[in-house]
Amino acid sequence: MTNSFFHRLTTFYRAENDLSNMTWIMQEVSPAFRKHWLRFFFPGIDIGQVVEVRREQPDANSGDSRVDFFIDMADGNHYMIEVKIGDTNHHFGQYERAYGIPSARFGYIVNYEMEMDGYDVKTWEEFSLSMRALQPSDPEERSLISGYRQYLNSVCNIQIIDKPMRLNNLNSLYSLYTILGKLLNQPSAQPTLRPYIASAKPKAYSAGIQYVEFVIAECVYALFWINFEYEDPRIWICIPDINWDKNTPVVKSLQTFNNVNSEGGTYDKAAYYTKMMRGYWFRLQPTLLQNLESSDDVEFQKSILASFIKEVSGVVMKKQRLSLEEKPL
């Protein structure tokens, strides 16, 4: 019944304030949840010294700032937590000045990948995963926490892939697509990878296509896609030499990588350029694909895909620094 109740809530209460309100209610009614929620941000906080947790507390000076969670402690100190879903209007620096609280006592949680110097930014997916270990002895409390986690995963579109993929099984294509989506959204990596929505469509015999922007120092240098072909099982990364976006330069110098593979690399010596397919193609080593397919460890499967993406990105990064088509085609 509790899970059904929270499931119904996701139909009408999906906004950022809704999630904040639901989370505040949970930490008010469940002592185990409050302890877990606060220590997720502040591992050393003394839960016994928490006097009150307030919602949308305005600052005492101008009243222009309204932090989502404001925590009063018995010793007179305060903590605060800001919640984000999609919204990128951040308050780093602003809230510390407004409330007189140092960044070490400022928790921040978002439903996308981001980093900020001087802050430990958390994600809702990390919080959802951490709740797996939250199993209080009270069955009613456990039921509430289970229902809340279901609500959270729905509102933040959190997809937990914990079963190994079998790529000859259509059900696993969703897992592959979800995993690739996370691996290909790396805003803090060098080079940066981030999703790109293109008008091109995958061929009928392909699946799991992901279109990605390849960024170095805030400049979009290229776009690429990665896909899985299931008629003749292969996983490819393709760097196209056509311009999908008029504002994106195009690399024209990867032909020199024909039939070249770094020692111990993840892509095989079939890496090549073809004018007919208009792109630079890197194929995951067949032995690694076989290892990925046969493994019962989904984290090992993820590591193979991550290494493949990282190596090809590194190769492209080196070449793009050497030769770049400066003007869009």
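For the structure given in this document, a descriptive report is provided here. (Residues numbered from 1 in each chain as written. Predicted model: local features only at pLDDT ≥ 70, side-chain atom pairs only at ≥ 80, totals over all residues. Heavy atoms only, no water.)

Membership of the largest hydrophobic core comes to 34 residues, with the highest contact counts inside it found for Phe 33, Trp 37, Trp 124, Phe 127 and Tyr 148. Secondary-structure elements contributing two or more residues to this core are α1 (2-12), α2 (16-29), α3 (31-41), β1 (50-58), β2 (66-73), β3 (78-83), α5 (124-130) and α6 (139-155). Beyond its immediate stretch of four places on either side in the chain, Trp 37 contacts Thr 23, Phe 69, Ile 81, Ile 109, Trp 124 and Phe 127. The next biggest cluster of nonpolar side chains, apart from the first, holds 23 residues, and it includes Leu 180, Ile 237, Tyr 280 and Val 298. (Core = buried A, V, L, I, M, F, W, Y, C linked by side-chain atoms within 4.5 Å. Buried < 20%, exposed > 50% of the residue type's maximum accessible area, 1.4 Å probe, protein only. Helix = DSSP H or I, 4+ residues; strand = E, 2+ residues; numbered from the N terminus. Contact = heavy atoms within 4.5 Å.)

What follows covers the packing of aromatic side chains. Taken as a whole and assessed by the stated rule, the structure comprises 22 aromatic pairs. Seen in terms of ring centroids, Phe 6 and Tyr 151 are 6.5 Å apart; in terms of plane orientation they differ by 55°. Their pairing is tilted. On the criterion of sequence distance, the pair formed by Phe 6 in helix α1 and Tyr 151 in helix α6 is long-range, its members being 145 residues apart. Overall, Phe 6 belongs to the buried group, its relative accessible area being 3%. Accessibility expressed as a relative area gives 0% for Tyr 151, which makes it buried. Among the aromatic residues, those joined into a cluster by ring pairs are Phe 33, Trp 37, Phe 40, Phe 41, Phe 42, Phe 69, Tyr 79, Trp 124, Phe 127 and Tyr 148. The ring of Phe 69 carries the charged tip of Arg 55 above its face, separated from the ring centre by 5.8 Å. (Phe/Tyr/Trp six-rings, centres within 6.5 Å; stacked < 30°, edge-to-face > 60°. Lys NZ or Arg CZ within 6 Å of the ring centre and 35° of its normal.)

Take the packing of α1 against α6 next. Interhelical geometry of α1 versus α6 gives an angle of 25° and a closest axis separation of 8 Å. When the axis of α1 is compared with that of α6, the two are roughly parallel. Crossing hand, α1 versus α6: right-handed. Counted together, Thr 2, Asn 3, Phe 6, His 7, Leu 9 and Thr 10 of α1 and Ser 143, Leu 144, Ser 146, Gly 147, Tyr 148, Gln 150, Tyr 151 and Ser 154 of α6 form the full contact between these two elements. (Axes fitted to C-alpha atoms, helices over the stretch in contact; angles between N-to-C directions. Parallel < 35°, antiparallel > 145°, perpendicular 65-115°, else oblique. Left-handed = near helix turned anticlockwise from the far one by under 90°.)

Another point: the pattern of salt bridges. As enumerated under the stated definition, the model contains ten salt bridges in all. Among the ionic pairs, Arg 166 bridges to Asp 296, the shortest N-O distance being 2.5 Å. A residue pair is termed long-range when its members are at least 10 positions apart, and Arg 166 in the loop between α6 and α7 (170-183) and Asp 296 in the loop between α8 (286-294) and α9 (298-322) qualify at 130 residues. According to the relative accessible area criterion, Arg 166 is partly exposed, its value standing at 24%. Look at Asp 296 and you get exposed, because its relative accessible area is 63%. Via salt bridges that share partners, Glu 52, Arg 54 and Asp 72 belong to a single interconnected network. (Salt bridge = Lys/Arg side-chain N within 4 Å of Asp/Glu carboxyl O.)

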